[in-house]
Amino acid sequence: RRVLGSLGKSRAKFISAEETTGITFDDFAGQEYIKRELQEIVRILKNDEEFQDKGIYCPKGVLLYGPPGTGKTLLAKAIAGEAGLPFFAANGTDFVEMFVGVAASRVKDLFASARSFAPSIIFIDEIDAIGSKRGGPDIGGGGAEREQGLLQILTEMDGFKEFTSQVLVIGATNRLDILDPALLRKGRFDKIIRVGLPSKDGRLAILKVHARNKFFQSEAEKDTLLKEIAELAEAFTGAELQNILNEAGILTARKDKDYIGREELIEALKRQMGTFETGQEDSTAVPEELRLRLAYREAAVAVLACFFPNPSRPFTETHINSIRDRPNMQYEVTAGRVFTKKTEYINALVRACAPRVIEEEMFGVNNLCWISAKATLEASRLAERLILQTGMTAFGKAYYRNHSDLVPSLAAKLEALREEYMRYAYDKCSSVLREYHSAVETITDILLQKGEMKAAEILDVYKSAPRIPQPNVNP
Ligand code: ADP
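Because the structure is a prediction, the values reported are computed rather than measured. (Residues numbered from 1 in each chain as written. Predicted model: local features only at pLDDT ≥ 70, side-chain atom pairs only at ≥ 80, totals over all residues.)

**Q** Can you walk me through helix α2 (residues 32-46) in this structure?
**A** The periodicity of an α-helix, 3.6 residues per turn, causes residues three or four positions apart to be oriented the same way. Its 15 residues give α2 an end-to-end C-alpha distance of 21 Å, which sits within 8% of 21 Å, the value for a rise of 1.5 Å per residue. Within α2, burial applies to Ile34, Leu38, Val42, Ile44 and Leu45. Angular distribution of buried residues about the axis of α2 spans 160 degrees; they occupy a single face of the element. In this structure, α2 carries Tyr33 and Arg36 as exposed residues pointing more than 90 degrees from its buried face. For α2, the secondary structure elements touched by its buried residues are α3 (48-53), α4 (72-83), β5 (167-173) and β6 (191-194). (Helix = DSSP H or I, 4+ residues; strand = E, 2+ residues; numbered from the N terminus. Expected span 1.5 Å × (residues − 1). Buried ≥ 20, exposed ≤ 12 C-beta atoms within 10 Å, placed from the backbone. Arc of directions from axis to C-beta. Contact = placed C-beta atoms within 7 Å.)

Here it is, written out as structure tokens:
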């Protein structure tokens, strides 16, 4: 891929420019509907005049939002590749520098470069770094500087009039809720597309894309293996799935094997999860640090289960003898009708935060591991379900199947409300774990010694341990 030579040296430092990206929609798998929407834009970009005659114009801005590693950059490059247009990329964080005036002048440079090769594509990754709400809290400083940069983006986007000088601006962010609403107005980023985590079928499709250049014993074997990995790799992003295949390739080469086998794939999957092969249920094989972390996780989950018992599912026992994403705490299943109240949905959210909260408390925020990541995922899902599917929150009374049903304004509202619920859940959980810190320590010690604990024993510790009173946390 040739890099555009005519960019000045100073620009080249923060703009990466490619004459053609060489990426197509075939490189992106899963979430086919996203491709269908973007394909339409590509068609307009390619046949500008024909569409113009019919009064159909290309949007000026497309905003891709979703978690990191889900393929937003890939999609932006695919649009450029499919339309055969040059691609100019910068990162929102590069605009925000310590020197006054840099942000605005860099934005100007970026647009000027792209315009001189128009029609072309601009991609601004992490656009929230520069495009967050004005007048909000100035996290990380540089507020005035950022504001100048944001204003410059708005000016540049409003400046394209002629279709022939078309520059399509693609932004990417994982925080739609903090973006300045001015960016989302008509004539700016008026096409907003959510790029979410792939479904099971999506994961399989992504694995197939990245298995194209890998060797397997046979096509049938490859199909079976990839299906199994897609099943196991719940909540993985495209980037993580790609890593699994790369890692499996490396493991295979290291063993001097010709084909990737099940063993290599499973090992790569486990590495990606941050867990280890332990030889099933063999507690002595769990590394010491992981054992300690698991014990704290189970202890925190146990204390929360005592504090906010789930009325329809009393807990029975827990252990630290196996490594699983979800806590090992076991629950009784009550037969008959379950009668779930709103408070229980919220308490479930508070309980789900326990592994994350205790890990931060005991190991520090810079020392979190996959245990926290899995808890965050679980809590986010619960919050989303409460907001979208119960009609019990300020979000409104309607039912939404998922994120992708939402128009942009509602999506932003969802993110803001979810943030609020998550914050409450996290704070409440912290407060309970601090109050019962002594119980947490005792349960952790017992788990480390015996490996397991029954409900009665847990409740005994919970009731008799000294408590440290905490300030109230209210919803
Ligand atoms: P983001 O910009 O959302 O953080 P990237 O586009 O940088 O994510 O993704 C990193 C890499 O992960 C991509 O280059 C691609 O190889 C792989 N990847 C992510 N999502 C997908 C997908 N849906 N299909 C195929 N590959 C993917």
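**Q** Where do I start with the sheet that holds β5 in this structure?
**A** One key point about sheets: their strands pair by backbone hydrogen bonds, in either a parallel or an antiparallel sense. Taking strand neighbours across the sheet as the criterion, the six strands line up as β1-β3-β4-β5-β2-β6 in an open arrangement whose pairing is mixed. This sheet does not close on itself; its edge strands, each paired only once, are β1 (16-18) and β6. Between one strand axis and the next, the sheet turns through 20 degrees on average, direction left out of account. Note: strand β2 (residues 61-65) against β5, five bridges, orientation parallel. Pairing of Leu64 across the sheet is with Ala172, part of β5. (Pairing = 2+ DSSP bridges. Axes fitted to C-alpha atoms, helices over the stretch in contact; angles between N-to-C directions.)

**Q** Please clarify how the nonpolar core should be interpreted in this entry.
**A** Grouped burial of nonpolar side chains is what soluble globular proteins tend to show. Counting residues in hydrophobic clusters, the biggest one holds 72 residues, and the most contacted among them are Leu64, Leu75, Ile79, Ile121, Ile122 and Ile170. Among the elements that make up this core, the one with the highest residue count is α4 (seven residues). Among residues more than four places away in sequence, those in contact with Leu64 are Lys72, Leu75, Ala76, Ile170, Ala172, Ile193 and Val195. Counting 47 residues, the second-largest nonpolar core is a separate cluster that includes Ala302, Ala354, Ile387 and Ile443. (Core = buried A, V, L, I, M, F, W, Y, C linked by C-beta atoms within 7 Å.)

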